[in-house]
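Notes for the structure review
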Amino acid sequence: DVQLQASGGGLAQPGGSLRLSCEFSGFTFRIYAVTWFRQAPGKEREGVSCFNSYDGSTFYTNSAKGRFTISSDSAKSTVYLQMNNLQPEDTATYYCAAVSGDVTDGSWALAPIYQYWGQGTQVTVSS
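Residue indices follow the written sequence of each chain, beginning from 1 at its first position. In keeping with the predicted nature of the model, local features appear solely for residues at pLDDT of at least 70, side-chain atom pairs appear and are counted solely at 80 or more, and the whole-chain, interface and lining totals rest on all residues. The basis for every side-chain value is the complete set of heavy atoms in the structure, and neither hydrogens nor water enter the calculation.

1. Considerations on the overall build of the protein
Rule in force here: The way it works is that DSSP assigns letters per residue, a run of H or I at least four long becomes a helix, a run of E at least two long becomes a strand, and they are numbered from the N terminus. The size measure is the radius of gyration over C-alpha atoms, and the globule rule it meets is 2.2 Å times the number of residues to the 0.38 power. Throughout, a residue-residue contact means that at least one pair of heavy atoms, one from each residue, lies within 4.5 Å. The method behind every accessible area is Shrake-Rupley, applied with a 1.4 Å probe, and residues are considered shielded solely by the protein chains displayed. When charges are counted, Lys and Arg are positive and Asp and Glu negative, with His and the chain ends excluded. Think of each charge as sitting on NZ of Lys, CZ of Arg, CG of Asp or CD of Glu.
Each helix and strand in the protein was counted, giving zero helices and eleven strands. Computed over its C-alpha atoms, the radius of gyration of the protein comes to 14 Å, within 12% of the 14 Å expected for a compact globule of 127 residues. Across its three principal directions, the C-alpha atoms of the protein cover 45 × 30 × 25 Å. Taking the contacts inside the protein whose residues are at least 6 apart along the sequence as the reference set, 59% of them involve residues at least 24 apart. Accessible surface, the protein: about 6400 Å² in total, of which carbon and sulfur atoms supply 45%. Placing the 8 positive and 10 negative side-chain charges of the protein at their respective mean positions leaves the two points 4 Å apart.

2. So, the pattern of salt bridges
Spelled out, the test is: In the sections that follow, a salt bridge refers to a side-chain nitrogen of Lys or Arg positioned within 4 Å of a carboxyl oxygen of Asp or Glu. Burial classes follow relative accessibility: with a 1.4 Å probe on protein chains only, a residue under 20% of its type's maximum area counts as buried, one over 50% as exposed, and anything between as partly exposed.
Under the counting rule described, the total for this entry stands at three salt bridges. For the salt bridge of Arg-38 with Asp-90, the shortest nitrogen-to-oxygen distance reads 2.9 Å. Of this pair, Arg-38 sits in strand β4 (residues 32-39) while Asp-90 sits in the loop between β8 (78-83) and β9 (92-100), placing them 52 residues apart in sequence. Like Arg-38, the residue Asp-90 is buried in the burial classification. With its nearest N and O atoms 2.7 Å apart, the salt bridge here joins Arg-67 to Asp-90. Here Asp-90 lies in the loop between β8 and β9 and Arg-67 lies in the loop between β6 (57-60) and β7 (68-73), a separation of 23 residues in the sequence. Given a relative accessible area of 14%, Arg-67 falls into the buried group. Here the residues in one salt-bridge network are Arg-38, Glu-46, Arg-67 and Asp-90, joined through shared partners.

3. Section: the sheet that holds strand β1 (residues 3-7)
Strands in a sheet are paired, the pairing made by backbone hydrogen bonds, and the direction either parallel or antiparallel. Selection criterion: Think of it this way: DSSP has to see at least two bridges between two strands before they count as a pair. Note on geometry: axes are C-alpha line fits, over the in-contact stretch for helices, and angles between N-to-C directions span 0 to 180 degrees.
Strand order in the open sheet formed by four strands is β1-β3-β8-β7, and the pairing between neighbours is antiparallel. Whereas interior strands pair on both sides, the edge strands pair on one side only; in this sheet they are β1 and β7. Pairs of neighbouring strands in the sheet enclose a mean axial angle of 15 degrees, with direction left out of account. Across six bridges, the pairing between strand β3 (residues 18-25) and β8 is antiparallel. Of the residues in β8, the one forming a bridge with Ser-21 is Tyr-80.

4. Topic: the state of the cysteines
The condition is simple: Two cysteine sulfurs form what is called a disulfide whenever their separation falls within 2.5 Å.
A complete count under the given rule lists one disulfide for this structure. With its sulfur 2.2 Å from that of its partner, Cys-22 forms a disulfide with Cys-96. Residues Cys-22 and Cys-96 are joined by a disulfide whose S-S torsion is about 75 degrees; by sign, that bridge is right-handed. Separated by 74 residues along the polypeptide, Cys-22 in strand β3 and Cys-96 in strand β9 bring together distant segments of the chain.

5. Brief notes about the side chain of Asp-90
What makes Asp-90 buried here is its relative accessible area of 0%. Asp-90 has contacts with Arg-38, Arg-67, Phe-68, Asn-85, Val-123 and Val-125, leaving out every residue within four places of it along the chain.

Right, dumping it as structure tokens:
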């Protein structure tokens, strides 16, 4: 079975940093994408950043560009999301999700294409 385990959430002050981890197991497919989504109360789930194993490409939502960095450690089967300069609007439950196959700039943020989801990890940014 494919499993994803998200961790690393917590409380941060505005301007602070957190690093989320998504450890995955049970992958039998060589090409996959792992994406971080977030959902704040009363808002739709939003794609934040994606790592595409096909070519190592990465994607970011506009609000994450320049502040968040996604990376992958294949030896640890883990995808990280380094979040710097956090702001109150980053407060949300963050989920990691995976899909087998390639994704594009036009598809990576579409939640319905993802086959596997981890549990959420809460990120709260507040002074």
